[in-house]
Amino acid sequence: MSEGGKTARSDLWGGAAWMGFGLLIVGASWRMDRYENMGAVLYTMPGFVPGMFGIVIALLGLVLILRGWRLQVRETASDDTPQPLFNARVLITLSLSLVYAGLLIGRAPFWLVTALYVTAFVALYAPETHTRMRRAVVSIAAGVITSAVVTLVFQHIFLVRLP
């Protein structure tokens, strides 16, 4: 059974991948230098925030696995044919993300690249029931707001220089 394009198999595999990625982040952040000899405490250690992100990603991966398991039980009961694991949406998402992270970051201002990426992503995946004008306005607003918030938070609160 496919509920709005969600299949049990894609949720199971996707959840496993996200859970593995989250655990990989946790492991890498655990191995980061803690700067204890400089008086750093838990909340100021470089691996703290990435470790928290890794835990959240792993937990959300587990939620996705559980949802996939629940959907799989329903699919088995209804005996529908399984949907493909990779489809055009997955390939578009991978391509868009690779262009953003691999080609654009570092070659153009971060705020501009991020605004374009989020705008394109939202425009591609906005509900088709919305008018073109609404999709364009929402996409541009999401791109500009996301880019501004991310840039301001990282540069002025976390004091991180962005590429």
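Residues numbered from 1 in each chain as written. Predicted model: local features only at pLDDT ≥ 70, side-chain atom pairs only at ≥ 80, totals over all residues. Heavy atoms only, no water.

**Student:** It is not clear to me how the overall build of the protein chain should be interpreted in this structure. Could you clarify?
**Tutor:** Counting its regular elements, the protein chain contains 5 helices and 0 strands. Counting from the amino terminus, the protein chain carries its helices and strands in the arrangement α-α-α-α-α. The burial tally for the protein chain puts 18% of its 163 residues in the buried class. Sequence separation of 24 or more characterises 70% of the internal contacts of the protein chain that already satisfy a separation of 6 or more. Taken as a whole, the protein chain presents about 11700 Å² of accessible surface, with 71% of it coming from carbon and sulfur. (Helix = DSSP H or I, 4+ residues; strand = E, 2+ residues; numbered from the N terminus. Buried < 20%, exposed > 50% of the residue type's maximum accessible area, 1.4 Å probe, protein only. Contact = heavy atoms within 4.5 Å. Areas by Shrake-Rupley, 256 points an atom, 1.4 Å probe, with all protein chains shown as cover.)

**Student:** Which parts of the structure should I look at to understand the pattern of salt bridges?
**Tutor:** Summed over the entire model, instances satisfying the criterion amount to 1 salt bridge. For Arg67, the salt bridge identified is with Asp11, shortest N-O distance 2.9 Å. Of the two residues, Arg67 sits in helix 2 (residues 48-78) while Asp11 sits in helix 1 (residues 8-30), which places them 56 residues apart along the sequence. (Salt bridge = Lys/Arg side-chain N within 4 Å of Asp/Glu carboxyl O.)

**Student:** Would you mind going over the packing of helix 3 (residues 88-104) against helix 4 (residues 110-125) with me for this structure?
**Tutor:** For any two helices packed against each other, one specifies the inter-axial angle together with the distance between the axes. Axis separation between helix 3 and helix 4 bottoms out at 11 Å; the angle between their running directions is 175 degrees. Accordingly, the angle class assigned to the pair helix 3 and helix 4 is roughly antiparallel. Contacts between helix 3 and helix 4 involve Arg89, Ile92, Thr93, Leu96, Ser97, Tyr100 and Leu104 from the former and Phe110, Val113, Thr114, Tyr117, Ala120, Phe121, Leu124 and Tyr125 from the latter. Looking at the contact of helix 3 with helix 4, its residues break down into 11 nonpolar, 3 polar and 1 charged. (Axes fitted to C-alpha atoms, helices over the stretch in contact; angles between N-to-C directions. Parallel < 35°, antiparallel > 145°, perpendicular 65-115°, else oblique. Nonpolar A, V, L, I, M, F, W, Y, C, P; charged D, E, K, R; others polar.)

Without other data, these values stay purely geometric and don't point to any function.
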